[in-house]
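Take a look at the letters that make up each chain.
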Amino acid sequence: MKGTLSGQKRIQSALISVYHKDGLGPIVHELHRLGITLYSTGGTQVFIEGLGVPVVPVEDLTSYPSILGGRVKTLHPKVFGGILGRRDLASDVAQLEEYAIPPIDLVVVDLYPFEATVSSGASEAEIIEKIDIGGISLIRAAAKNHSDVVIISDRQQYPELARILENGGTTTLAERRTLAAFAFGASARYDGAIRDWFQNGATASEHVLRYGENPHQHAAFHGDLDALFSQLHGKELSYNNLLDLDAALDLIDDLDTLKGDAFAIIKHNNACGAAVRPSLKEAWNASLAADPISAFGGVLVTNSRIDKPTAEAIDAIFFEIISAPGYDPEALEVLRHKKNRIILERRSFQRPSIRSRTVLNGRLEQGADQVLVRSDGMRTVTKKAPRRRNRRTSPSRTSW
């Protein structure tokens, strides 16, 4: 990898060894267009050759075939020396030349699907074989030597790699460091899942999402969604859906302390309307009346079982998600006719008592806000006291 004093370096060689091949084709063609030497092995090598792109088999580099049923393929000094060799250290460069070890500037690797294998109900022997050794070693080696090497450890990073290649294959130290941090995070999560399986017979649950707040952002949910909800219908939950659901459940749990059926409408983490009434349909009508425009495309949540009359009322507007503790069969029939509408049946579970978020270079923590503010607990601090509004003539934005 040729470099400059500013830390910019250009990729000249790449090792590609991936389990998932989707999305790899355009990357391979772009690497070839830039004249970058490709090394590969096994199924990835066959895939690259099928694209009509020249590739050097790792076996030709190491003079060793894949052995032990594929357990040992890339674990060799001629591979790891090329990744870990420090280009600015004369003794390393001399040893690379002495042993004819070519430097490797880019490593594109993903990991065996360990968690998916566990979830599939596979046998213990099959699960053990999905504990990645070579892949995790390549990821850690490349991330360690990020001063010289670019590491792509997840196919969701292919758009970022494509951008790098559009720039002629040149990266800055800051870019390589960011990719290395992601790689070590992937390694830690993977090892954590394996540890949990050995200890508990189950994996720490990581649910990879389609994307984050924006389409170009990688995202995952770390937790057990199946313990929270049973999804009865609709498309996969997104990052933004989960944020709205979190806010919605916070609100409905507050309202659940009041007497009556509660309904709330959330959009972009804010309440469009919320109400508690003697019947569920009344609660829906009151919450919608608070702001019927903003309710479009929102998240609906209630503390009561959905009946058919309420289902018919809420079906009149477009919404993304509804969460309830249960649904009458006739209500489900009404709600299911929209293909992508997400219908969740909420399970009983304990919400976290500690809330945390990352800030700056650290993390903030605080206890969950579990106090419901009531009017009888407030005092007027202005000279003019507020007057209670007539609900029938002027509905408030939130009307409980």
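Residues numbered from 1 in each chain as written. Predicted model: local features only at pLDDT ≥ 70, side-chain atom pairs only at ≥ 80, totals over all residues. Heavy atoms only, no water.

A. Focus on the overall build of the protein chain. For the protein chain, the helix and strand inventory stands at 15 helices and 18 strands. At 28 Å, the protein chain has a C-alpha radius of gyration far larger than the 21 Å of a compact globule built from 400 residues. Dimensions of the protein chain, computed from the C-alpha atoms along their principal axes, are close to 85 × 55 × 40 Å. Classification of the 400 residues of the protein chain by burial places 42% in the buried group. For the protein chain, the proportion of contacts with a sequence separation of at least 24, taken over those separated by at least 6, is 55%. Split by element, the accessible area of the protein chain, about 22000 Å² in all, is 52% carbon and sulfur. (Helix = DSSP H or I, 4+ residues; strand = E, 2+ residues; numbered from the N terminus. Rg over C-alpha atoms; globule rule 2.2 N^0.38 Å. Buried < 20%, exposed > 50% of the residue type's maximum accessible area, 1.4 Å probe, protein only. Contact = heavy atoms within 4.5 Å. Areas by Shrake-Rupley, 256 points an atom, 1.4 Å probe, with all protein chains shown as cover.)

B. Local environment of the environment of S147. Along the chain, S147 falls in the loop between α8 (134-144) and β7 (150-152). On the accessibility criterion, S147 (33% relative accessible area) is partly exposed. In sequence terms S147 and D88 are 59 residues apart; their C-alpha atoms lie 9.6 Å from each other. In contact with S147, not counting residues within four places along its chain, are K9, L173 and R176.

C. Seen up close, the sheet that holds strand β3 (residues 13-17). Read across the sheet, 5 strands follow the order β5-β4-β3-β6-β7 without closing on themselves; strand pairing throughout is parallel. Strand pairing shows two members of the sheet lacking a second neighbour, β5 (56-57) and β7, which therefore form its edges. Pairing of strand β6 (residues 106-109) with β7, which is carried by 3 bridges, proceeds in the parallel orientation. Of the residues in β7, the one forming a bridge with L106 is V150. In this fold helix α2 (residues 42-50) packs onto β3, β4 (37-40) and β5, with an angle of close to 140 degrees to the strand it touches most, β4. (Pairing = 2+ DSSP bridges. Axes fitted to C-alpha atoms, helices over the stretch in contact; angles between N-to-C directions.)

D. Broad picture of the layout of surface pockets. There is about 2000 Å³ of room inside the largest pocket. For the largest pocket, the lining is made up of 47 residues, of which D246, D250, R351, P352 and R355 are closest to its centre. When residues of the lining of the largest pocket are traced back to their parent elements, those giving at least two are β10 (220-222), α11 (225-228), α12 (239-255), β17 (354-359) and β18 (362-367). Of the residues that constitute the lining of the largest pocket, the class distribution is 24 nonpolar, 10 polar and 13 charged. (1 Å grid on protein atoms, 1.4 Å probe; cavity = no way out; pocket = protein on both sides within 12 Å on 5 of 7 lines; lining within 4 Å. Points joined across faces, edges and corners; volume = space filled by probe spheres on them. Nonpolar A, V, L, I, M, F, W, Y, C, P; charged D, E, K, R; others polar.)

E. Here's a closer look at the packing of aromatic side chains. Enumeration over the complete set of coordinates arrives at 4 aromatic pairs. Relative to Y190, the ring of F114 has its centre 6.3 Å away and its plane inclined at 70 degrees; by these criteria the two rings are edge-to-face. Linking F114 in helix α6 (residues 114-119) with Y190 in helix α10 (residues 173-200), this pair joins segments that are 76 residues apart in sequence. Under the relative-accessibility criterion, Y190 is labelled buried at 8%. Above the face of the Y112 ring, K130 is positioned so that its terminal group lies 6.0 Å from the ring centre. The ring of F182 carries R189 above its face, with NZ or CZ at 6.0 Å from the centroid. (Phe/Tyr/Trp six-rings, centres within 6.5 Å; stacked < 30°, edge-to-face > 60°. Lys NZ or Arg CZ within 6 Å of the ring centre and 35° of its normal.)

F. Inspection of the nonpolar core at higher detail. Ranked by size, the top nonpolar core spans 51 residues in total, and within it I16, L38, I83, L106, V107, F114 and I151 carry the most contacts. Counting residues per element, this core draws most heavily on α10, at 7 residues. Not counting the four nearest positions on each side in its chain, I16 is found in contact with L24, V28, L31, L38, Y39, S40, T41, T44, I48 and V108. (Core = buried A, V, L, I, M, F, W, Y, C linked by side-chain atoms within 4.5 Å.)

G. Representation of the sheet that holds strand β13 (residues 270-277). Strand order across the open sheet formed by 6 strands is β11-β16-β15-β14-β12-β13, with mixed pairing between neighbours. Edge positions in the sheet fall to β11 (229-233) and β13, since each of these pairs with one other strand and no more. Neighbour-to-neighbour, the strand axes of the sheet open up by a mean angle of 20 degrees, direction not taken into account. Across 4 bridges, strand β14 (residues 298-302) lies against strand β15 (residues 319-324) in parallel orientation. Counted as the bridge partner of V299 is I321 from β15. This element, α12, spans β11, β12 (261-267), β13, β14, β15 and β16 (342-346) of the sheet and lies at about 150 degrees to β12.

H. Quick look at the environment of A286. The residue A286 is located in helix α13 (residues 280-290) in this model. The class for A286 is buried, based on a relative accessible area of 13%.

I. Structural context of the side chain of D315. Among the structural elements, D315 can be located in the loop between α14 (308-314) and β15. Exposure remark for D315: the relative accessible area of 19% places this residue in the buried category. A polar atom in the side chain of D315 sits 2.9 Å from the side chain of H337. Here D315 is in contact with V334, H337 and R341, once residues within four sequence places are set aside. (Polar contact = N/O pair within 3.5 Å; in protein donor to acceptor, adjacent residues only side chain to side chain.)

J. A look at unusual backbone geometry. In this structure, A100 takes a positive phi of about 55 degrees despite not being glycine. Relative to the helices and strands, A100 is located in the loop between α5 (90-98) and β6. One non-glycine residue, N269, lies in positive phi territory at about 70 degrees. Structurally, the position occupied by N269 is in the loop between β12 and β13.

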